[in-house]
Amino acid sequence: MQINADLISYLEDLSCLNFADEEKERLSEELEKILFSMARLGELDTQNIAEQSHPFSNVNAFREDCVMPSYERELILQNAPKRDFESFIAPKTV
């Protein structure tokens, strides 16, 4: 794909941006480098590589769910500026 002034103008319109002429030149060069790099990725031989949805082979990365003792409710609520018998009272936000 060739990056030209028409394509840069089209991208300007799509992104609702305006570039100076120097920026357009720099952007054109950078886009060409990016597209060249992506094209080189297409040259890689991936025939014998298995598809992966995750880079690690962990089957289940989660820990077992087990019941553990918690803090005492009174200890947690002792520093609350406002509270009722079992929870914090926070200002209403809408």
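Residues numbered from 1 in each chain as written. Predicted model: local features only at pLDDT ≥ 70, side-chain atom pairs only at ≥ 80, totals over all residues. Heavy atoms only, no water.

Peer 1: Would you mind showing me how to read the overall build of the protein chain here?
Peer 2: For the protein chain, the count of helices and strands is three helices and zero strands. When the helices and strands of the protein chain are placed in sequence order, the string is α-α-α. Here the protein chain has a C-alpha radius of gyration of 28 Å; the compact-globule value for 94 residues is 12 Å, and the former is much larger. Oriented by its inertia axes, the alpha-carbon framework of the protein chain measures out at about 70 × 45 × 20 Å. Classification of the 94 residues of the protein chain by burial places 7% in the buried group. Total accessible area computed for the protein chain in this model is approximately 9800 Å², and 54% of it derives from carbon and sulfur atoms. Charged side chains in the protein chain number 9 positive and 19 negative. The centres of these two groups are separated by 13 Å. (Helix = DSSP H or I, 4+ residues; strand = E, 2+ residues; numbered from the N terminus. Rg over C-alpha atoms; globule rule 2.2 N^0.38 Å. Buried < 20%, exposed > 50% of the residue type's maximum accessible area, 1.4 Å probe, protein only. Areas by Shrake-Rupley, 256 points an atom, 1.4 Å probe, with all protein chains shown as cover. Lys, Arg positive; Asp, Glu negative; His and termini not counted. Charge placed at Lys NZ, Arg CZ, Asp CG, Glu CD.)

Peer 1: Teacher, can you tell me more about a negative patch on the surface here?
Peer 2: A cluster of like negative charges, contributed by Asp21, Glu22, Glu23, Glu25, Glu29 and Glu32, occupies part of the molecular surface. Inspection of the secondary structure assignment puts Glu25 in helix 2 (residues 21–41). (Patch = residues over 30% accessible without salt bridge, like charges linked within 9 Å, V, L, I, M, F, W, Y side chains within 5 Å. Salt bridge = Lys/Arg side-chain N within 4 Å of Asp/Glu carboxyl O.)

Peer 1: Got a minute to help me understand the pattern of salt bridges in this structure?
Peer 2: Side-chain pairing between opposite charges can occur once the charged atoms of the two side chains come close. Applying the stated rule across the entire model yields four salt bridges. Arg73 is paired through a salt bridge with Glu86; the nearest N and O atoms lie 3.7 Å apart. With a gap of 13 residues between them, Arg73 in helix 3 (residues 73–77) and Glu86 in the segment after helix 3 connect regions that are remote in the sequence. Relative accessible area serves as the criterion here: at 55%, Glu86 is assigned to the exposed category.

Peer 1: It is not clear to me how the packing of helix 1 (residues 5–15) against helix 2 should be interpreted in this structure. Could you clarify?
Peer 2: Helix packing for two helices is described by the angle between their axes and how far apart those axes are. Put simply, helix 1 and helix 2 touch, their axes get as near as 10 Å, and they point 100° apart. Compared by their axis directions, helix 1 and helix 2 come out roughly perpendicular. Only Lys24, Leu27, Ser28 and Leu31 of helix 2 make contact with helix 1, whose side of the interface consists of Ile8, Leu11 and Glu12. (Axes fitted to C-alpha atoms, helices over the stretch in contact; angles between N-to-C directions. Parallel < 35°, antiparallel > 145°, perpendicular 65-115°, else oblique. Contact = heavy atoms within 4.5 Å.)

Peer 1: How should the confidence of the model for the protein chain be read in this particular structure?
Peer 2: Segments scoring low in pLDDT should not have their predicted coordinates read at a detailed level. Residues of the protein chain with pLDDT of at least 70 account for 93%, and the chain-wide mean is 86. When pLDDT is averaged over each helix and strand of the protein chain, the minimum, 88, is found for helix 3 and the maximum, 92, for helix 2. (pLDDT = per-residue confidence, 0-100.)

Peer 1: Sorry, what's going on with a nonpolar patch on the surface here?
Peer 2: A cluster of nonpolar side chains, contributed by Ile34, Met38, Leu41 and Leu44, occupies part of the molecular surface with about 410 Å² of accessible area. With respect to the helices and strands, Leu44 occurs in the loop between helix 2 and helix 3.

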